[in-house]
Amino acid sequence: MVAERPGGDAPESSGAGARGHRPSPPVAASQRLPSPEGEGEPATELGADLSHVRTWLFDLDDTLYPPERQILKRVSGRIRDYMIRLTGLPEDEARALQLKYLADHGAALGGLMADYEIDVADFLHDVHDVALDDLEPTEGLRAALERLEGPRYIFTNGSIRHGERVAEQLGVRDLFDGLFAIEDADMRPKPHPDTFSRMLDRFALDPVHTAFFEDTERNLDPAKALGMTTVLVGPRALDSEAAFVDHRALALAPFLATAVLKGDAA
């Protein structure tokens, strides 16, 4: 699988999570961050009640860092180039096929595996071999993650190596207790139900006490059906009216930093 957008992701990271000190108490639930322009409807929910959550599950790309970093755009470009070499199609036709595979399979890899003979390991290595030098740690992210009590996991449609690289570059790899990547999902991307089942079994999660953070709306649907608390992250979150989305946040760090947690509700 690969990091792409209309419903795809990228890889993740793992590690043993050292627990940090909790910052100041969360702000009142009625408070909201202003919109980016300082006008109109509130953009990010502050003080969300997550006091029932015991396990924290995160998508990687465009969730742990903002989409403006364009890492997925780089990966998508490498997928297109790979498809051009594999299929012999001109660029515009390869791009159209890439989008079709995304719509039909959740990621290009599924379509390529169905229609062509490919070396999956080579594909994953090639398309995720992108520069991360300019991927700077997101302000406030580490502190926000450190205040979360309970295990933290990454759940991505990308490769293991990509997930580890990105989490390391963001300076948060040590805060995660596990990584579930596309290799672990037998190359079936989110939102495939079997992939969620595999992930739950791997980490022995109780969905009712798990919060799942994603930038791709449709990936939250199966999570909500399982009983998870769902949080849509990113600029598109603000326009979502999906019934399976519990919370919406323009950016992850402010949302986490002000959420009401188990200890706060006491």
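Interhelical geometry of helix 1 (residues 71–87) versus helix 4 (residues 120–127) gives an angle of 135° and a closest axis separation of 8 Å. Classed by the angle they form, the pair helix 1 and helix 4 counts as oblique. For the pair helix 1 and helix 4, the contacting residues are Val75, Arg78, Ile79, Tyr82 and Arg85 in the first and Asp122, Phe123, Asp126 and Val127 in the second. Of the residues that constitute the contact of helix 1 with helix 4, the class distribution is five nonpolar, no polar and four charged.

What follows covers helix 2 (residues 91–105). Side chains of residues three or four places apart in an α-helix project in the same direction, reflecting 3.6 residues per turn. End to end, helix 2 covers 20 Å across 15 residues, agreeing with the expected 21 Å (1.5 Å per residue, within 8%). Taken residue by residue, helix 2 has Ala94, Leu97, Gln98, Tyr101 and Leu102 as its buried positions. Down the axis of helix 2, the buried set is contained in an arc of 145°. They therefore lie on one face. Exposed residues lying more than 90 degrees from the buried face of helix 2 are Asp92 and Ala103. The secondary structure elements touched by the buried residues of helix 2 are helix 1 and helix 3 (108–115). Following helix 2 by one or two positions, glycine 106 has its phi on the positive side, about 90°.

What follows concerns the sheet that holds strand 4 (residues 152–155). The sheet built from six strands is open, its strands ordered 5-4-3-6-7-8 with parallel pairing. Each having just a single partner strand, strand 5 (178–180) and strand 8 (247–249) make up the two edges of the open sheet. Here the average twist between neighbouring strands, direction ignored, is 20°. For strand 3 (residues 55–58) and strand 6 (residues 210–214), the ladder comprises four bridges, and the chain directions are parallel. Paired with threonine 55 across the strands is threonine 210, a residue of strand 6. Lying over the sheet, helix 7 (residues 193–203) contacts strand 3, strand 4, strand 5 and strand 6, oriented at roughly 160° with respect to strand 5.

How each quantity is defined
- Residues numbered from 1 in each chain as written.
- Predicted model: local features only at pLDDT ≥ 70, side-chain atom pairs only at ≥ 80, totals over all residues.
- Heavy atoms only, no water.
- Axes fitted to C-alpha atoms, helices over the stretch in contact; angles between N-to-C directions.
- Helix = DSSP H or I, 4+ residues; strand = E, 2+ residues; numbered from the N terminus.
- Parallel < 35°, antiparallel > 145°, perpendicular 65-115°, else oblique.
- Contact = heavy atoms within 4.5 Å.
- Nonpolar A, V, L, I, M, F, W, Y, C, P; charged D, E, K, R; others polar.
- Expected span 1.5 Å × (residues − 1).
- Buried < 20%, exposed > 50% of the residue type's maximum accessible area, 1.4 Å probe, protein only.
- Arc of directions from axis to C-beta.
- Pairing = 2+ DSSP bridges.

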